[in-house]
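What follows is the residue order along each chain.
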Amino acid sequence: MSRPLSDQEKRKQISIRGIVGVENVSELKKGFNRHLHFTLVKDRNVATTRDYYFALAHTVRDHLVGRWIRTQQYYYEMDPKRTYYLSLEFYMGRTLQNTMINLGLQNACDEAIYQLGLDIEELEEMEEDAGLGNGGLGRLAACFLDSMATLGLAAYGYGIRYEYGIFNQKIREGWQVEEADDWLRHGNPWEKARPEYMLPVHFYGRVEETKTGVKWVDTQVVLAMPYDTPVPGYMNNTVNTMRLWSARAPNDFKLQDFNVGDYIQAVLDRNLAENISRVLYPNDNFFEGKELRLKQEYFVVAATLQDILRRFKASKFGCRDTIRTGFDAFPEKVAIQLNDTHPALGIPELMRVFLDIEKLSWDKAWEITKKTFAYTNHTVLPEALERWPVELFEKLLPRHLQIIYEINQRHLDKIASLFPGDMDRLKRMSLIEEDGGKRVNMAHLCIVGSHVVNGVAKIHSDIVRNKVFKDFSEIEPEKFQNKTNGITPRRWLLLCNPGLAELIAEKIGEDYVKDLSQLSKLNKLVDDPSFIRDVSKVKEENKIKFAHYLEKEYKVKINPASMFDVQVKRIHEYKRQLLNCLHVITMYNHLYREVSLAEKVIPATDLSEQISTAGTEASGTGNMKFMLNGSLTIGTMDGANVEMAEEAGEENLFIFGMRIKDVEELDKKGYNAQEFYEKLPELKKCIDQIQGGFFSPMKPDQFKDLVNMLFYNDRFKVFADYEAYIKAQEKVSELYKTPKQWTIVAIKNIAASGKFSSDRTIKEYAKDIWGVKPSNLKIPPPNEPRDAIDDVVAASQKPKA
Ligand SMILES: *Cc1c(COP(=O)(O)O)cnc(C)c1O
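The following refers to the structure shown. Note that this is a predicted model, so its numbers are computed, not measured.

What counts and how
- Residues numbered from 1 in each chain as written.
- Predicted model: local features only at pLDDT ≥ 70, side-chain atom pairs only at ≥ 80, totals over all residues.
- Heavy atoms only, no water.
- Helix = DSSP H or I, 4+ residues; strand = E, 2+ residues; numbered from the N terminus.
- Rg over C-alpha atoms; globule rule 2.2 N^0.38 Å.
- Contact = heavy atoms within 4.5 Å.
- Areas by Shrake-Rupley, 256 points an atom, 1.4 Å probe, with all protein chains shown as cover.
- Near = heavy atom within 4 Å.
- Polar contact = N/O pair within 3.5 Å; in protein donor to acceptor, adjacent residues only side chain to side chain.
- Nonpolar A, V, L, I, M, F, W, Y, C, P; charged D, E, K, R; others polar.
- Phe/Tyr/Trp six-rings, centres within 6.5 Å; stacked < 30°, edge-to-face > 60°.
- Buried < 20%, exposed > 50% of the residue type's maximum accessible area, 1.4 Å probe, protein only.
- Lys NZ or Arg CZ within 6 Å of the ring centre and 35° of its normal.
- Salt bridge = Lys/Arg side-chain N within 4 Å of Asp/Glu carboxyl O.
- Pairing = 2+ DSSP bridges.

For the rest of this paragraph, the subject is the overall build of the chain. Along its length, the chain carries 36 helices and 23 strands. In summary, the chain has a C-alpha radius of gyration of 28 Å against a globular reference of 28 Å for 801 residues, a match within 12%. Along the three orthogonal principal directions, the C-alpha set of the chain runs to about 85 × 75 × 60 Å. When contacts within the chain are restricted to residue pairs at least 6 apart in sequence, those whose partners lie at least 24 apart make up 76%. Counting only carbon and sulfur atoms, one obtains 54% of the accessible surface of the chain, whose full area is about 35,200 Å².

Next comes the structure, spelled out in structure tokens:
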């Protein structure tokens, strides 16, 4: 196997990664050496690879600082409408390379590090992932931050600075073992703590009616300490902020205990308060009603709204003296997007602040709140929908429960007047579910408290509008929208696939990076033999590189000439990894029968598996990443697969299996797995093998529960799509036998993937939901550090208008 080009070698040949000026490079080298000395306190004799990573990270970070301060000053001066993206997850991954790309510093850094005798890829590998998310929802938030900065929106991400992100998965003797993700162990060069902006968050206590209004008293206070991370746009001098809150116990926490003499215990108990931001709940598409999670959800929302209100009040339009009229401008200056229902408490919290602190009337407070919030729904799986027990609410957030009851009362009064006597409808639409213990339905709260509700792909938004929340859309049809998800092409092409990014730039120029729809220009090259060769060569190199990585990191050897058939995503029943397993077993059985078939199957390529049961995957974004990178898709008509087929032509994907209507028909008739098992001999053979201990001879009943589930309790109907899936896989193998044809289809897919840029998604949110315009702010390039500091001083000394 020949050694692949390293990224360092590849980057040298290409232009999309910034200019390698001599001054540039010597500045970077100087910065690197300075940080190694002053920041890391090391010399080259004792420095570790990690020290070198930190020295480079700090050097690159220095290039952000002036732009960051400048951008924030500019927002203060211009006072545009701010967009706040609230999310319990931001799955950011690594930051160093992304920063170099967005600042156009990549080639210069490569050269500087090379001249210092170091390997930049090795340094990049030292960075910990910021794994503050579970999967697609958290990664979407991260892609959106990149797009909002690239489009020049005055936007902020607000979330929690979990001390432990998504666990590291280890497999020991075939079983998963979760390992703690201690990602902050070595320090995080990208964050800046802002203890001076610490804010109090209240829990528990009781509600008191006083002459001056309702008071929430006898609460326990936890402090929220902000940590800011810069979010650079692509080559536009904009640097936005992601602000993540960390929980701190107040210094007088449990002072009562101290008074009775247990100072040590009081200090130890500070952990109880600080546990709020300790760890990300690793649930994907599943609601687990734990008190600590509800605390996290309120914690982020309470701290963030204080920040938003402070910023609004400090702005030109903010209310200073004229509180009552001042807040009328709030929805013109503030848009808050709720990433699923996780930050839904923002709605009653803003109501509480307006009513109890700012003393607005209910009607005024409600009008402003509704105009401010918008809600994105991410799933229709019932087990994922948040429904918090009223009991828990009453204990932790008694005032919020009161407010939710009042919202509900007014909401139900409205429904009752529109549909007199329709008790069933009232029950269906209530924010409070009554049967099986009282619960607050957070999706209903979000719908009622927002001016827009959106799904994340056409098919999903149709389900949201016409099925799951039909009652609500009947009353307010204009509230319901679609915003098909996207992915940022900076990370998911330039960063992860430099070879392809550069090849495309050579053919159609570099502008496609900011306008991904320009990829359609590649359509004129589908018959160009040299382009076809180059595209397949890039894929081949990527496969060789990945094979090397797998062997080095996981001691797994694979043949780079084989088809790389990939299903990477969270393991969940609805995503049907089991269907994929059945195909693998079926292939195994073919091989077992006919060795020559193996020789035909083995020369292979990249195939993206998107095989969820129709109607269950809201959008998916993994599917888009594969398409942009020239994989072919085998998939069901679910989530964004539908729109991918629409863009590329269904004939250029391997679409198979039940459509939503087929699933519904099967449900009506009653899904009987046994029927499929009896009817399909190859399926029967697979299942018999699994059941009979063929794959677990030491423990023959290892998979008993699994088989029982597939027969008697399979909500996602694996057997019903088995036959169609196997047939689609045969078509895949057939096309793969003619590599040139395969690559032509891959190019057609790349050319059709422009729609799936998160830039397009964010432009739609900006126009249809937030009422803000992209790029109406032109951030000037940063000043020298000295001037930048002067500017800040000047701005802070300016009399507040
Ligand atoms: C894109 C992405 C996902 C989402 O993948 P799906 O196939 O849409 O579920 C999950 N995890 C990570 C790390 C991702 O980058």
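In the vicinity of the ligand, the residues found are Y91, G135, G136, R139, W492, V568, K569, K575, G620, T621, G622 and K625. Between an oxygen atom of the ligand and a side-chain N or O atom of K575, the distance comes to 2.7 Å. Here an oxygen atom of the ligand and a backbone polar atom of T621 are 2.8 Å apart. Protein contacts shield 81% of the accessible area of the ligand, which totals 390 Å² for the unbound molecule. Only α7 (136-150) and α27 (622-628) provide two or more residues apiece to the shell around the ligand. A class-by-class count of the residues in the shell around the ligand yields three nonpolar, five polar and four charged.

Summed over the entire model, instances satisfying the criterion amount to 29 aromatic pairs. Residues F546 and Y549 carry aromatic rings whose centres are separated by 6.4 Å and whose planes lie at 25° to one another, so their mutual orientation is stacked. Taken as a pair, F546 and Y549 lie in helix α24 (residues 529-554) at a separation of three residues, close to a single helical turn. With a relative accessible area of 40%, F546 lands in the partly exposed category. On the basis of relative accessible area, Y549 is assigned to the partly exposed category, the value being 39%. In textbook terms, an aromatic cluster arises when at least three aromatic residues are bridged by ring pairs, as seen for Y84, Y156, Y158 and W245. K625 extends its terminal NZ or CZ atom over the ring of W492, reaching a point 4.1 Å from the ring centre.

Another aspect to go through is the pattern of salt bridges. One pass over the full model with this rule turns up 64 salt bridges. A salt bridge links K737 to E734; the nearest nitrogen and oxygen atoms lie 3.2 Å apart. Here K737 falls in the partly exposed class, since its relative accessible area comes to 48%. Since its relative accessible area comes to 49%, E734 is described here as partly exposed. A single salt-bridge network, built from bridges that share partners, covers D422, D424, R425, R428, K470, D471 and E474.

Judged by pairing direction, the sheet is antiparallel, and its three strands sit side by side in the order β15-β17-β16 without closing on themselves. The sheet is open, and its two edges are formed by β15 (387-389) and β16 (432-433), each paired on a single side. Sheet analysis places β15 next to strand β17 (residues 439-441), joined by three bridges and oriented antiparallel. Among the inter-strand pairings, W388 is bridged to a residue of β17, identified as V440.

This part takes up the pairing of strand β5 (residues 168-172). Pairing between β5 and strand β6 (residues 175-179): five bridges, direction antiparallel. By the bridge assignment for β6, Q169 is matched with E178. Joining the antiparallel neighbours β5 and β6 is a turn of two residues, in which E173 adopts a positive phi near 50°.

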